[in-house]
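Structural overview for review
Now for the letters of each chain:
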Amino acid sequence: MATFTGYLRARSDDELVALLVRRPDLATPHPATLASLAARATSRSSLDRALTWVDALVLQVLESVVVLTSTVGPPTTAQVQAAVGAAPDDAPRVARAVQDAVALALLWPDDDGTLHVTPGVTDALGASVAGLAPPGTGDDDAPGDPLADLVDAPPGATSVLDALTWGPAVGLVPPPGTAAADTVTWLVGHGLLTRADERHVLLPRRVALALRAGRTHRAPALAPAFADAPVRDAGVVAAESARAAEQTVRLVRQLLTRWEQSPPGVLRAGGLGARDLRRTAQALDVDDTHAAWLVETAATAGLLADDGEESPSFVPTLEADVWAAQDVAPRWATLARAWLTSARTPWLVGERDDRGTRRAALDPELTRPWVPRLRRAVLDVLASAPRGAALTADDVHEALRWRSPRSVPPLSAIEAVLVEAGRLGVVGAGALASAGRALVADEDAGEALAADLPAPVDEILLQGDLTGVVPGRPSPDLEDLLELAADVESRGGAVTVRFTADSVLRALDAGTTADDLLTRLGAAARGRVPQPLEYLVRDVARRHGRLRAGAASSYVRADDPALLAGLADDPRLASLRPRLLAPTVLVADASPAELLEALRARGLAPVAEDARGAVVHAVAPERRVRARPRRSAPVHERPLPQRAASVVATLRRGDPPVSAPVTAVRATGPAGAPVDAGGAPAPAAGRRGGASSALPAPLTRGAGRGTPEPGDALVVLREAAQARTAVWVEIVGPDGRADRRLVRPLKVEGGRLRALDPRREAELTVAVHRIADVTHATD
Amino acid sequence: MPDGPLIVQSDKTLLLEVDHDQADACRRAIAPFAELERAPEHVHTYRLTPLGLWNARAAGHDAEQVVDTLLQYSRYPVPHALLVDVAETMSRYGRLQLVQDPVHGLVLHALDPAVLAEVTRSKRTAGLLGARLDETDVVVHPSERGHLKQVLVKLGWPAEDLAGYVDGEAHEIALLEDGWALRPYQKQAVDGFFHGGSGVVVLPCGAGKTLVGAGAMARSSTTTLILVTNTVSARQWRDELVKRTSLTEDEIGEYSGTRKEVRPVTIATYQVLTTKRKGVYTHLELLDARDWGLIVYDEVHLLPAPIFRMTADLQARRRLGLTATLVREDGREDEVFSLIGPKRFDAPWKDIESQGYIAPAECVEVRLTLPDHERMAYATSEPEDRYRLAATASGKNRVVDSLVARHAGEQTLVIGQYLDQLHELAEHLGADLITGETTVRERQRLFDAFRTGEITTLVVSKVANFSIDLPEASVAIQVSGSFGSRQEEAQRLGRIMRPKADGKTAHFYTVVARDTVDQEFAAHRQRFLAEQGYAYTIVDAEDLGVAR
């Protein structure tokens, strides 16, 4: 009969490449032979990994095939469709799930189209399959209809059985003396239930299957359809997404500007102090969690980094300058892409860790490898919902529970990711926006966002109460002007600003003149600049600069103006750059000590004075570091088809031609020695002497003795366990002597082989590492 | 609609572009639920507040209408969260109702038992609620009706008061519409109020709030208690009622510091009601002196806190609040809402002005540069003296001179805060002065002389802020005020807004000392005027020809 190894060997290169792409762990490290590939594909850890990411329907199909195989033998796809109760409309989905399972090598079809469970899958699925009791509960092989006795059953028996039919198969025994207890006793007496312990009864497999009337499942596990999710108008989604995106870009820019001017320090553990976070949040006018997210997102995008100084600070990177010079859409795309693949968990900021300390933003420990997968999974769910459907966290949770029932992310994380998506504008009004859709599809998300951004407005309505309204999204020039000279009061579809003495002063401080400012405002205004605003600008300009401040290192004061005037012009003091601020005050750019010394050298008799009042302006230097290359998320590493292809090529080199039929493969040793396919294997004797030709291929291929890879032995054992066939095993004893026995493997688990020795009619358990060689026993 | 006049911001402000074709229709549609925050020349700002939305609910609008209106007029897609919030907020009004139960009397009835459970468990309702009747009803002591409503608004579950009112003692009152008639908006205001039971009518100064009061009294035809801010105002109410209604002098009593008459219609001042002797309000019995069918509160935004407390006990009587603005400088808007009632009628100044019922006004701020010695005195003074120093700068006299000269022959009021300054100004201008010390008789004489045009210039202190009718004043010059009070600014502007016989524009001048707190306070007040849509300009005193 066919085996899984044989099946794999008969795959085309393309099919193998596809498998390695679907199950990347099979390719790392490179398997040397197809047999070792098969071994790896049937190992518990690889199967668990593969099963983790299959959806509920695929799991159901696997369960169904397992159950059907045990009752009617390997089923066809049609039988599986019937067994899971698929309506004609659902049948294609079940067929798709079967193909999926085959593509993942969890099932393999025989030449006649029947489906076989890949060795090891049954164990990986666990003891209770499809809500049935484990095999061996009750008399599984008893002949006849198990329900025949039900005709005489006391009342209530049917309802007891109904409750257990579709699983779980365990029921609580009612208190003794009640009618229900009697019913249960009757059912146990007639073999329709078995007692598990004092308090529990089990529905035996055979009975359950009979009650299910040939089905394995009540209904196919279909993906949630979100038919009830509210659908948002496309315009609303686009507007809210654009608004959020624009806001995030603006806030990140403000954050960078702020940190450029006053960079916060890095905590010893590597994060951002809570006080710095709070201050940043206040400056950006957002709450702390939002600020933490902005900081994390900026850092993820490589716009912020630890400057690595002796007392380190977080500062904008060189990349931040490039970023800041771009338009809104590409800036957003940078943030969005970084966010999607980031393994950071900003929502944990502020919560307490195991030691009770608060988690800080930018703390290196806030990285979780599963987060990028979660972000993508959440967006995938949103993308799979109808356009405009606003899904709640519960909806997404349900969908993810279906997509990977063996690994359901916690609801709180899903909620957090949805909040992040909303802030970023990937989602608008709860529905995936077109920019978000492009992001998931790895298309140009920036372009998609640009299409949703409302057309920029160049015009501002200036009013007599010193406010102004831009009736739309301000153009970059207008935005700059407003940022320079006004305070923003509210944002949304429009921007409202207020001009105050302070805001105008800010513009003047930045080097603008009153005329310049009024001209720019006049150019942008619809109608004239209102008189009160013009008056305000002129009035502030009139007061601007009435006080002057500057830097000097030392001063000299004297009551005699003539003496100071002489010093200011003295060429011997020129290097100290002395200058008169007032007839009686002179300042110099030298330290007081130098100044005093110079004056004394000129024969004067100065005295030092308390230095209070000398102004020293320390201008913080602009600091930049290069962003560290982001570590790409390991979970996203999928073997490129080329890489997979090279793996396959390696496999082929060590293997016989694919076209050869499975039996022939087994009959032909790599050394070319003919083997009698139908004959019994050569006895163990002399095998150590190098009589490898006497042993059936492929297990002795290329090696004088033993199986070339321990993994190969495992796959043969698993195949044999499933097919309930016998194998020859060579077991190395504690004394180093090999013992060859014919056994029927029952189970390979936890590094041990449990097998039946049919000749001695005894069960033996042996550590796998003691098995030097395994050979199919052909009868 | 893509080209609508309205922009809905996510911070719940609504921006209405007034030059838009549909601006008028939109304004009418959003007025019931959005509070007009400012109305400068191009874009009016409205705000959605819980009180505003509850006012709309009380007026019979539902969330769906509000949402539809926003969607209909909005230029850009309306933020979804805002729509959800509107619906959520509006659904909170009326889930609790105060009803009259035939057996148990006043009962708080819940349409949603969970809300009642939340409210009864709150500490704030302790002592206000009586026995629980069933899952949805709990007895309320009649004397706590007002307090309970206050508390429920604070808890965010405003109750709809369906418990009705006592009829009160009937008393025939009719309007005498001989040669005049209630203006259409006044009629609407009376209807709006009466339909709603109790509540507030918001009309700008000069729009005839007294007549709305008279109209409501005629409709009610019951004994009425009118609460006003001061004695002058009380006399004005009396005169107006005698002139406009079937009431005679004998039917109207004055209850003030000087007289204590209780008649079918009694006009009392806030002051007398809040007078305490030995810690007791001595005139509280007035409230129960008769079986009042209607209580009118003039200038609701000035209602003192003790009156709120007394009003809480008067919930079974119809209450009409009259005011020019719901903005209270003390932020007690929610108490007005819960104790007097929701807003029942509202018409913005500009509308009534454009209908010709109040005069257009032009506001000018005159900036005066202080001479150096005054600047030095100001710069070195204690902070608490600064405003007085700046406000009473001597140069202001010359500015007032030049302004009075510029408007020679027009009825001019000079308004100030500080008595010394006013005395000096009156002397300087050779004009009469009215302050709190002026006797009522003297005040009446001067007002009458001003009215007839016998005198054209009058210097007044803040007593003139409220409720005195100076029909032909067309110029107001304020030299000092009370620390930038917006409400005072509104009242003072109201002095000159009665429509002029010749349809002239009124002028409102504020004289301000440059670079002082005076200017800062003025900025605060002027913002209010500009927000109300008045053309506002700033000029330098030098430009008026006033020498430094």
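Residues numbered from 1 in each chain as written. Chains lettered and ligands numbered in written order. Predicted model: local features only at pLDDT ≥ 70, side-chain atom pairs only at ≥ 80, totals over all residues.

1. Looking at the overall build of chain A
Convention followed: Every helix listed is a DSSP run of H or I at least four residues long, and every strand listed is a run of E at least two residues long, numbered separately from the N terminus. Here a residue counts as buried when 20 or more other C-beta atoms fall within 10 Å of its C-beta, as exposed when 12 or fewer do, and as partly exposed in between; the C-beta atoms come from the backbone. Contacts are defined on C-beta atoms placed from the backbone: any two residues whose C-beta positions lie within 7 Å are in contact.
Of the regular secondary structure elements, chain A holds 30 helices and 23 strands. Looking at chain A as a whole, 40% of its 779 residues qualify as buried. Look at the contacts in chain A between residues 6 or more apart in sequence, and 65% of them connect residues 24 or more apart.

2. Let's talk about the overall build of chain B
For clarity, the threshold we go by: For the radius of gyration, the atoms used are the C-alpha atoms, and the globule rule reads 2.2 Å times the number of residues raised to 0.38.
From N to C terminus, chain B includes 21 helices and 25 strands. Against the globule reference of 24 Å for 548 residues, chain B gives a C-alpha radius of gyration of 25 Å, in line with a compact fold. Principal-axis analysis of the C-alpha atoms places the extent of chain B at approximately 80 × 60 × 55 Å. Per-residue burial for chain B yields a buried fraction of 49% across its 548 residues. Long-range contacts, defined here as pairs at least 24 residues apart, represent 73% of the contacts in chain B between residues at least 6 apart.

3. Points about the sheet that holds strand E4 (residues 194-195) of chain A
Pairing between the strands of a sheet is mediated by backbone hydrogen bonds and can be parallel or antiparallel. All names here are of chain A. Put simply, the test is: The criterion for strand pairing is that DSSP finds at least two bridges linking the strands in question.
The 3 strands lie next to each other as E3-E5-E4, forming an open sheet whose pairing is antiparallel. Looking along the sheet, the strands with just one partner apiece sit at the ends: strand E3 (170-172) and E4. Judged from the 2 bridges that link them, E4 and strand E5 (residues 200-202) form a sheet pairing that is antiparallel. Residue pairing across strands places Arg 195 opposite Val 201, the latter belonging to E5.

4. Points about the pairing of strand E24 (residues 506-513) of chain B
All names here are of chain B. Here E24 lies mainly inside the structure; 7 of its 8 residues are buried. Here strand E19 (residues 361-368) pairs with E24 via 8 bridges, running parallel. Directly across from Val 366, in E24, lies its bridge partner Val 511. Note: strand E23 (residues 475-478) against E24, 4 bridges, orientation parallel. Note on E24: the bridge partner recorded for Val 475 is His 507.

5. Details of the interface of chain A and chain B
Each side of the interface is counted separately: chain A has 23 residues, and chain B has 25 residues. At 4 residues, the largest contribution of residues to the side of chain A that touches chain B is made by helix H12 (residues 234-261) of chain A.

6. Topic: the pairing of strand E13 (residues 265-269) of chain B
Residue and element names in this part refer to chain B. Within E13, 5 of the 5 residues are buried, leaving the element largely enclosed by the surrounding structure. Residues Val 265, Ile 267 and Thr 269 point to one face of E13 and Thr 266 and Ala 268 to the other, with burial holding for every one of them. Bridge analysis of strand E11 (residues 224-228) against E13 gives 5 bridges, and the strand direction is parallel. The partner of Val 228 across the bridge, within E13, is Thr 269.

7. Things to note about the nonpolar core
Our working definition: Core membership is restricted to buried Ala, Val, Leu, Ile, Met, Phe, Trp, Tyr and Cys residues, and these are joined into a nonpolar core through C-beta atoms within 7 Å.
Membership of the largest hydrophobic core comes to 256 residues, with the highest contact counts inside it found for Val 295, Ala 298, Ala 336, Val 378 and Leu 449 of chain A together with Val 201 and Leu 227 of chain B. The element that contributes the greatest number of residues to this core is H12 of chain A, accounting for 13 residues. Excluding its chain neighbours within four sequence positions, the residues that come into contact with Val 295 of chain A are Leu 255, Leu 272, Thr 280, Ala 361 and Leu 362 of chain A. Residues Val 129, Leu 132, Val 207 and Val 647 of chain A belong to the second largest nonpolar core, which totals 83 residues.

8. Concerning the packing of helix H16 (residues 328-341) of chain A against helix H21 (residues 445-452) of chain A
In a pair of packed helices, the angle between the axes and the distance between the axes together describe the arrangement. Residue and element names in this part refer to chain A. Where we set the bar: Geometry is summarised by axes, namely lines fitted to C-alpha atoms with helices restricted to the contacting stretch, and by angles between N-to-C directions that run from 0 to 180 degrees. Note on terminology: angles under 35 degrees are roughly parallel, angles over 145 are roughly antiparallel, angles of 65 to 115 are roughly perpendicular, and the others are oblique. When the near helix sits turned anticlockwise from the far one by under a right angle, the crossing is termed left-handed; a clockwise turn instead gives a right-handed crossing. Any residue that is not Ala, Val, Leu, Ile, Met, Phe, Trp, Tyr, Cys, Pro, Asp, Glu, Lys or Arg is counted as polar, Gly included; the first ten are nonpolar and the last four charged.
The geometry of H16 relative to H21 is characterised by a closest axis approach of 8 Å and an angle of 130° between their N-to-C directions. Judged by the angle between their axes, H16 and H21 are oblique. Where H16 crosses over H21, the handedness of that crossing is right-handed. Contacts between H16 and H21 involve Ala 329, Pro 330, Trp 332, Ala 333 and Ala 336 from the first element and Ala 445, Gly 446, Glu 447, Leu 449 and Ala 450 from the second. Considered class by class, the residues forming the contact of H16 with H21 number 8 nonpolar, 1 polar and 1 charged.

9. Brief notes about the sheet that holds strand E21 (residues 752-757) of chain A
Residue and element names in this part refer to chain A. Ordered in space as E22-E21-E20-E19-E23, the 5 strands form an open sheet in which the pairing is antiparallel. With one partner strand each, in any of the chains shown, strand E22 (762-767) and strand E23 (771-776) form the two edges of the open sheet. Within this sheet the neighbouring strands show an average axis-to-axis angle of 45°, counted without direction.

10. Looking at unusual backbone geometry
The amide bond that connects Thr 28 of chain A to the next residue, Pro 29 of chain A, takes the cis arrangement and shows omega of -10°. Inspection of the secondary structure puts Pro 29 of chain A in the loop between helix H2 (13-22) and helix H3 (34-41). Phi is positive for Asp 442 of chain A, which is not a glycine, with a value near 55°. In this fold, Asp 442 of chain A is placed in the loop between helix H20 (434-440) and H21. Phi angles above zero are rare outside glycine, and Ser 221 of chain B is one such case at about 50°. Residue placement: Ser 221 of chain B occurs in the loop between helix H8 (209-220) and E11. Classification of Ser 221 of chain B by C-beta neighbours within 10 Å gives partly exposed; the count is 15.

11. A few points about the packing of H12 of chain A against H16 of chain A
Residue and element names in this part refer to chain A. Viewed as axis vectors pointing N to C, H12 and H16 meet at an angle of 80°, and their least axial separation amounts to 10 Å. When the axis of H12 is compared with that of H16, the two are roughly perpendicular. Contacts from Ala 245, Glu 246, Thr 248, Val 249 and Val 252 in H12 reach Val 328, Arg 331, Trp 332 and Leu 335 in H16. Across the contact of H12 with H16, the residue classes break down as 6 nonpolar, 1 polar and 2 charged.

12. Here we look at the confidence of the model for chain A
All names here are of chain A. The criterion, for reference: The predictor reports its confidence for every residue as pLDDT, a score running from 0 up to 100.
Chain-level pLDDT for chain A is 84 on average; 88% of the residues reach the 70-or-more range. Long-range and interchain partners of residues 614-621, a stretch whose pLDDT sits below 50, account for 8 contacts in this model, where long-range means more than four residues apart. Throughout residues 658-706 the model reports pLDDT below 50, and contacts reaching past four residues in sequence, or to other chains, amount to 68 contacts.

13. Some thoughts on the environment of Arg 309 of chain B
Residue placement: Arg 309 of chain B occurs in helix H12 (residues 305-312). Sequence-wise, Arg 309 of chain B and His 147 of chain B are 162 residues apart; in three dimensions their C-alpha atoms are separated by 8.4 Å.

14. With respect to the environment of Ala 63 of chain B
Residues and elements named next belong to chain B. Within the secondary structure, Ala 63 is located in helix H3 (residues 63-73). Measuring from C-alpha to C-alpha, the distance between Ala 63 and Glu 88 comes to 8.5 Å, with 25 residues separating the pair along the chain. Here Ala 63 is in contact with Val 86, Ala 87, Met 90 and Ser 91, once residues within four sequence places are set aside.

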